[in-house]
Amino acid sequence: MTMAAAIEGQTAETRAWPNAIRVAGVDIFHDLTAAEATWRSFETSQHSYTPYQRFDFLASWQRQVGEREGLRPFIVVAHDSERRPLLLLPLAIESRLGANCASFMGGKHATFNMALCERDFAANATEADIAALIGSITERSRADALVLCQQPLRWQDLPNPLAMLPHQPSVNDCPVLAIEPGAAPAALISNSFRRRLKGKERKLQALPGYRYYVASESADVCRLLDWFFRVKPQRMAEQKLPNVFAEPGIEPFIRAACLAPRADGNGYAIDIHALECDEEVIAIFAGVSDGHRFSMMFNTYTMSANSKFSPGLILMRDIIDRHAGLNYRALDLGIGSDEYKRLFCKDDEAVVDSFIPLSLRGKPAASALSATNRAKRAVKQNPALFEIAQNLRSMFR
């Protein structure tokens, strides 16, 4: 595919905006390769972005999962009047409720979704800038609606410019642990809980070769993933849950991302933390990090008798202590309020959804999707309704 074909002539110069409005137009790419150089240029300290929006992470997802599901890249790059890139939206188009809806790449495997932004633009963007962005997309694309879910209101020390769009609370909040600079271990995990975990860990420490580490060699990454894809289905079957990791493309996506080196040289697009001994892998947690925050993606633990010593909780303690020692400022265990997450993450971080119609056909679709997410949140927020929903789901499996 040629560059011209990839961009499809969609360099969009909008009407003459006032000087105060920085967004002068957009380029829209429908090909990952055509967008790669610009995308990677946003992955620097001069830009604001979450690790879920790195090119290597989302390119792996799109190639292994998005393409299988019929999603087409819709990568929007907003620029100023001198064509300096200000913002990149990593979206994909899919048909929903009879409309072409543009949503963030990554699907349910990205806890947070956000545009990659030039830092000054993120700090100083106005509602007029965002209106100009939406106007440019509307004029120069065939998308009917933007479906922008699970967006943080801020990332690190900067606001999320797209949070200025009309929005509503996401289906779930995200439990988070804030890490204050120089925090004492007991401020992160109470001394009483640490003592409980230490007592359990003494049983594991008796195992030959017992250790905690972060996989830094490709051979270790592959070995740990081989174990994960054997054990996780057993754990999910035990809990009577569907094996989401068996869905088409998921395993190749995870393997590719776990082996994709980060541009800054600090590990992979997905890092794997593990507890193991000479005889077996005991537990793993895998997630993304950016020097400021660690976000967990997936985990599991052994089916052996060693599982009774709470290896997952011990590993989580090790991960928290490691990142606190590296001066991280936050840690989360993913969207949702599973009981084990509350043992470590006492606060909730709000995330929001925006459903923005871009055409007449997109209006009913945006309204319906918005209403659906509001209803899901209402169920999740009501324990009685949530229990009924869980029972009904089990009945239909």
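Residues numbered from 1 in each chain as written. Predicted model: local features only at pLDDT ≥ 70, side-chain atom pairs only at ≥ 80, totals over all residues. Heavy atoms only, no water.

- Under an unreviewed UniProt entry, the name given to the protein chain is GNAT family N-acetyltransferase, and the source organism is Bradyrhizobium pachyrhizi.

Side note on the packing of aromatic side chains
Then, number 1: Applying the stated rule across the entire model yields 11 aromatic pairs.
Then, number 2: Judged by centre distance (6.0 Å) and plane angle (70°), the ring pair of Phe 245 and Phe 298 falls under edge-to-face. Linking Phe 245 in the loop between helix 8 (218-238) and helix 9 (250-258) with Phe 298 in strand 16 (residues 293-301), this pair joins segments that are 53 residues apart in sequence.
Then, number 3: By way of ring pairs, the aromatic residues Tyr 52, Phe 57, Phe 112, Trp 155 and Phe 253 are connected into one cluster. (Phe/Tyr/Trp six-rings, centres within 6.5 Å; stacked < 30°, edge-to-face > 60°. Helix = DSSP H or I, 4+ residues; strand = E, 2+ residues; numbered from the N terminus.)

Concerning the UniProt feature "domain: BioF2-like acetyltransferase" (unreviewed entry) in the protein chain
Then, number 1: When the UniProt feature table is mapped onto this chain numbering, "domain: BioF2-like acetyltransferase" (unreviewed entry) sits at residues 192-342.
Then, number 2: Within the segment residues 192-342, helix and strand shares are 42% and 21% respectively, and the terminal C-alpha atoms sit 16 Å apart. (UniProt positions renumbered as here; feature names shortened; annotations may be inferred.)

Examining the sheet that holds strand 17 (residues 330-332)
Then, number 1: Pairing in this open sheet of 7 strands is mixed, and the strands run 13-14-15-16-17-12-18 from one edge to the other. Whereas interior strands pair on both sides, the edge strands pair on one side only; in this sheet they are strand 13 (211-214) and strand 18 (347-349). Sheet twist, expressed as the average angle between the axes of neighbouring strands with direction ignored, equals 30°.
Then, number 2: Summarising the sheet, strand 12 (residues 174-178) and strand 17 pair through 3 bridges and their orientation is antiparallel. Bridge pairing in strand 17 links Val 176 to Asp 332. (Pairing = 2+ DSSP bridges. Axes fitted to C-alpha atoms, helices over the stretch in contact; angles between N-to-C directions.)

Notes on unusual backbone geometry
Then, number 1: If you check the backbone angles, Arg 83 has positive phi at about 65° while not being a glycine.
Then, number 2: Inspection of the secondary structure assignment puts Arg 83 in the loop between strand 4 (72-79) and strand 5 (85-96).
Then, number 3: The exposure class of Arg 83 is partly exposed, given its relative accessible area of 40%.
Then, number 4: You will see that Gln 150, though not glycine, has its phi angle at about 55°, which is positive.
Then, number 5: Here Gln 150 lies in strand 8 (residues 145-152). (Buried < 20%, exposed > 50% of the residue type's maximum accessible area, 1.4 Å probe, protein only.)

A word on the confidence of the model for the protein chain
Then, number 1: For the protein chain, the average pLDDT comes to 91, and 91% of its residues sit at 70 or higher.
Then, number 2: For residues 1-18, every residue scores under 50 in pLDDT, and the model assigns this stretch 40 contacts once sequence neighbours within four places are set aside. (pLDDT = per-residue confidence, 0-100. Contact = heavy atoms within 4.5 Å.)

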